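Analysis of the macromolecular model
One letter stands for each residue in the lines below.
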Amino acid sequence: MNIIVGITGGIAAYKVPELVRLLVKAGHEVRCAATEHAMEFVTRVTLETVSGHPLYSDLFANNEHSTQHISLKDWGDLLIVAPATANIIGKVANGIADDALSTLLLAFSQKPVIMAPAMNSLMWAHPAVQRNIETLRGWGIRMVGPEKGELACGTDGIGRMSEPEAIVAEVEGGERKAASGERWLVTAGPTYERIDSVRFIGNYSSGKMGFALAQALAETGADVELVTGPTHLNISHPHIHVVRVESAREMYAAATKAFPQCKGAILSAAVADYRPAECADHKLKKQGDEGMTLQLVQNPDILATLGGMKQEGQTLVGFALETDHELENAQGKLQRKHLDYIVMNSLRDKGAGFGVDTNKVTILGTDGSRTESPLMSKKEVARLIVNTITS
Ligand code: CTP
């Protein structure tokens, strides 16, 4: 691969020559780009010697170089920013291009980028930095670290740049995932089951968990077919294709059509188990003073159907929202529906389940594995689930 290593002004820049050396040793062609501040921490001579190429650091060094960010963008297959300061993260998140590296980063918008953030732990914790990190992640930029440990300012906390070996591992992991071009199916949200032309039976599912799962899968380089019931959520990612459906039967049709082409499926939708036996094509009128009986019939079980269709090599993941005998019920579903994993949340846990931004789950595998999460944001839970089922 042709890799560009972009260096910004942090003390961890001293580790970059080692990163470049490891990448070259692994068979990659490497060129370096640096900000002015980076040059306070690592020298041009060192970077040019380890990479074997001239350093790109000045947008206007000469006329030829004024479009070098475009030719470098064409040359590179991957851009790694290490260390990535709060400053470069903020610039990219806001579309600012005021020097050689930030200009290159914007030009690289259609190609893979890995960042290894490094900064003081209080800076890392700042809401602006966290918001910018989420924005970049949302665009598919992969983050390595930062790690917890001793920081240059003498304190201890989260902010250390990951070691060069960890960054190289991310490059290689990404290469494998991207090469496989895997497609995944995700179901999300509630289903609406029509009673008449203006009424339906629904539930409080927001779709947040399923959308976060689609995002987390896309961040690994997978293509995602996101089949969602009615929700106000939107998602925009080049690797995510959204199919909007209303009822369980529509979701069933979309999911069973997509599944044979997929490496796996995660079914997080809250599908209505029953629908009205009949749906009136007009608004039903009140009749007398009597109550009304609505006859319900069972909907197809999408998860169980995919379990029956599953071929060797496909991974199937279901959700179980339980109120009592949680583990026992979840284990039962895992076996009955031929799943590989079941993600269980208990309605007894505060902050877990419908509508909220957080979740707390236990992931059970048919291989006997059991992973428990603390109460985390649904985005973090999604990353944990994706890591567990793809590793
Ligand atoms: N599910 C599905 N199709 C259905 C019902 C559920 O695909 N018609 C999926 C959900 O997306 C979830 C899992 O099945 O991944 C568990 O749903 P749940 O309602 O908890 O399970 P049931 O089998 O309906 O069991 P029970 O109602 O007895 O708890």
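Residues numbered from 1 in each chain as written. Predicted model: local features only at pLDDT ≥ 70, side-chain atom pairs only at ≥ 80, totals over all residues. Heavy atoms only, no water.

1. Focus: the overall build of the protein chain
Convention followed: Labels follow the DSSP assignment, with helices taken as runs of H or I lasting at least four residues and strands as runs of E lasting at least two, numbered in each case from the N terminus. Burial classification: accessible surface area is computed with a 1.4 Å probe over protein chains only, and a residue below 20% of its type maximum counts as buried, one above 50% as exposed, and the rest as partly exposed. Here the accessible surface of atoms and residues is derived via Shrake-Rupley with a 1.4 Å probe, and residues count as covered only by protein chains that are part of the display. Charge counting treats Lys and Arg as positive and Asp and Glu as negative, with His and both chain ends excluded. The atom standing in for a charge is NZ when the residue is Lys, CZ when it is Arg, CG when it is Asp and CD when it is Glu.
Helix and strand counts for the protein chain come out as 13 helices and 21 strands. Viewed in the frame of its principal axes, the protein chain has a C-alpha envelope of about 90 × 45 × 40 Å. Counting only residues that meet the buried cut, the protein chain has 48% of its 391 residues in that class. Accessible surface, the protein chain as shown: approximately 19,400 Å² in total, 51% of it carbon and sulfur. Positive and negative charge centroids in the protein chain, built from 38 and 45 side chains respectively, lie 4 Å apart.

2. What to know about the domain arrangement of the protein chain
To keep it simple, the criterion reads: Annotation comment: domain bounds sourced from an automatic or database domain assignment. A contact between two residues is defined here by any heavy atoms of the two lying within 4.5 Å. A quick way to say it: buried area is the sum, across both parts, of accessible area lost when two parts are put together, with a 1.4 Å probe. What counts as a salt bridge is simple: a side-chain nitrogen of Lys or Arg found within 4 Å of a carboxyl oxygen of Asp or Glu. Pairs of N or O atoms within 3.5 Å make up the polar contacts considered here, provided that, within protein, one atom can donate a hydrogen while the other can accept it, and that residues adjacent in sequence are counted only when both atoms are side-chain atoms.
As assigned here, the protein chain comprises domain 1 (2-175) and domain 2 (181-390). Computed over C-alpha atoms, the centres of domain 1 and domain 2 are 38 Å apart. Contact residues are listed per partner, giving six residues for domain 1 and five residues for domain 2. For the pair domain 1 and domain 2, the summed buried area comes to about 460 Å², and 38% of that belongs to carbon and sulfur atoms. When the buried surface of domain 1 facing domain 2 is broken down by residue, E134, R137 and G138 rank first, second and third, together holding 68% of it. Across the domain 1-domain 2 interface, the total number found is two salt bridges. With its nearest N and O atoms 3.6 Å apart, the salt bridge here joins R383 to E134. There are one residue pair in polar contact (both at pLDDT 80 or more) connecting domain 1 and domain 2. Looking at which element gives the most residues to the side of domain 1 that touches domain 2, the answer is helix α7 (residues 127-138), with three residues.

3. What to know about the layout of surface pockets
One simple way to see leftover space: roll a probe sized like a water molecule over the atoms. Where we set the bar: The method works on a 1 Å grid over the protein atoms by themselves. A cavity is a set of points holding a 1.4 Å probe that cannot get out, a pocket is an open set with protein on both sides within 12 Å along at least five of seven lines, and residues with an atom within 4 Å of a point line them. Grid points are joined across faces, edges and corners, and a volume is the space filled by probe spheres set on the points. Note that Gly is not counted as nonpolar here; it falls among the polar residues with everything else outside the nonpolar set of Ala, Val, Leu, Ile, Met, Phe, Trp, Tyr, Cys and Pro and the charged set of Asp, Glu, Lys and Arg.
The calculated volume of the largest pocket comes to roughly 1,000 Å³. If you trace the largest pocket, you find 38 residues lining it, with M143, E219, T220, R383 and N387 closest to the centre. If you list the elements that add at least two residues to the lining of the largest pocket, you get α7, β5 (142-143), α8 (164-180), α9 (208-219), β21 (376-377) and α13 (378-390). When residues in the lining of the largest pocket are grouped by element, the largest group, eight residues, is from α13. The class makeup of the residues in the lining of the largest pocket is 14 nonpolar, twelve polar and twelve charged.

4. Considerations on the site of the ligand
Definition in use: Definition of nearness: a residue and a molecule or strand are near each other if at least one heavy atom of the residue lies within 4 Å of the molecule or strand.
Neighbouring residues of the ligand: L267, A269, V271, D273, P300, D301, I302, L303, G318, F319, K333 and K337. Within the backbone of F319, one N or O atom sits 2.8 Å away from an oxygen atom of the ligand. Interatomic distance of 2.6 Å between a side-chain N/O atom of K337 and an oxygen atom of the ligand. With the chains in place, 75% of the 580 Å² that the ligand exposes on its own is no longer accessible. For the shell around the ligand, the secondary structure elements donating two or more residues are α11 (302-309) and β16 (315-322).

5. Brief notes about the packing of helix α4 (residues 86-93) against α7
Formally: Orientation is described by axes fitted as lines to C-alpha atoms, over the contacting stretch for helices, and by angles from 0 to 180 degrees between their N-to-C directions. An angle below 35 degrees is treated as roughly parallel, one above 145 as roughly antiparallel, one from 65 to 115 as roughly perpendicular, and anything else as oblique. Crossing chirality is assigned from the near helix's rotation relative to the far helix, an anticlockwise turn below a right angle marking it left-handed and a clockwise turn marking it right-handed.
Put simply, α4 and α7 touch, their axes get as near as 9 Å, and they point 55 degrees apart. Comparing the axis directions of α4 and α7 gives the class oblique. Regarding α4 and α7, the two cross each other, and that crossing is left-handed. On α7, the residues touching A86, I89, G90, V92 and A93 of α4 are V129, N132, I133, T135 and L136. Residues belonging to the contact of α4 with α7 are distributed by class as follows: seven nonpolar, three polar and no charged.

6. Quick word on the sheet that holds strand β4 (residues 113-117)
Applicable threshold: One bridge is not enough; two strands pair if DSSP finds at least two bridges between them.
In space, the five strands of this open sheet follow the order β2-β1-β3-β4-β5, with parallel pairing throughout. Two strands close off the open sheet at either side, each with one partner strand: β2 (29-34) and β5.

7. Regarding the pattern of salt bridges
By the definition in use, this model includes 20 salt bridges. Note that R44 is salt-bridged to E48, the shortest N-O span being 3.4 Å. Taken together, the residues span about one helical turn, with R44 and E48 both in helix α2 (residues 44-51) at a distance of four residues. The residue R194 makes a salt bridge to E246 at a minimum N-O spacing of 2.7 Å. Note that R194 is positioned in strand β9 (residues 193-194) and E246 in the loop between β12 (240-244) and α10 (248-258), a separation of 52 residues in sequence.

8. Structural notes on the packing of aromatic side chains
Rules: By convention, a stacked pair of Phe, Tyr or Trp rings (six-membered ring in the case of Trp) has centres within 6.5 Å and planes under 30 degrees apart, an edge-to-face pair has planes over 60 apart, and any other such pair is tilted. A ring is scored as having a charge over it whenever the NZ atom of a lysine or the CZ atom of an arginine sits within 6 Å of its centre and within 35 degrees of its normal.
In total, this model carries one aromatic pair according to the counting rule given. Each ring, one from Y192 and one from F200, has its centre 3.7 Å from the other, and the planes form 10 degrees; the classification is stacked. The exposure class assigned to Y192 is partly exposed, which follows from its relative accessible area of 24%. We note R31 situated over the ring of W75; from NZ or CZ to the ring centre the distance is 4.7 Å.

9. As for the pairing of strand β3 (residues 78-84)
Judged by how many residues are buried, β3 sits mostly within the fold: seven of seven residues are covered. The two faces of β3 match: L78, I80, A82 and A84 on one face and L79, V81 and P83 on the other face are all buried. Of the strand pairs in this sheet, strand β1 (residues 2-7) and β3 are connected by four bridges, and their pairing is parallel. Residue G6 lies in a different strand from β3, and its bridge partner there is V81. With four bridges connecting them, β3 and β4 associate as parallel partners. The partner of I80 across the bridge, within β4, is I114.

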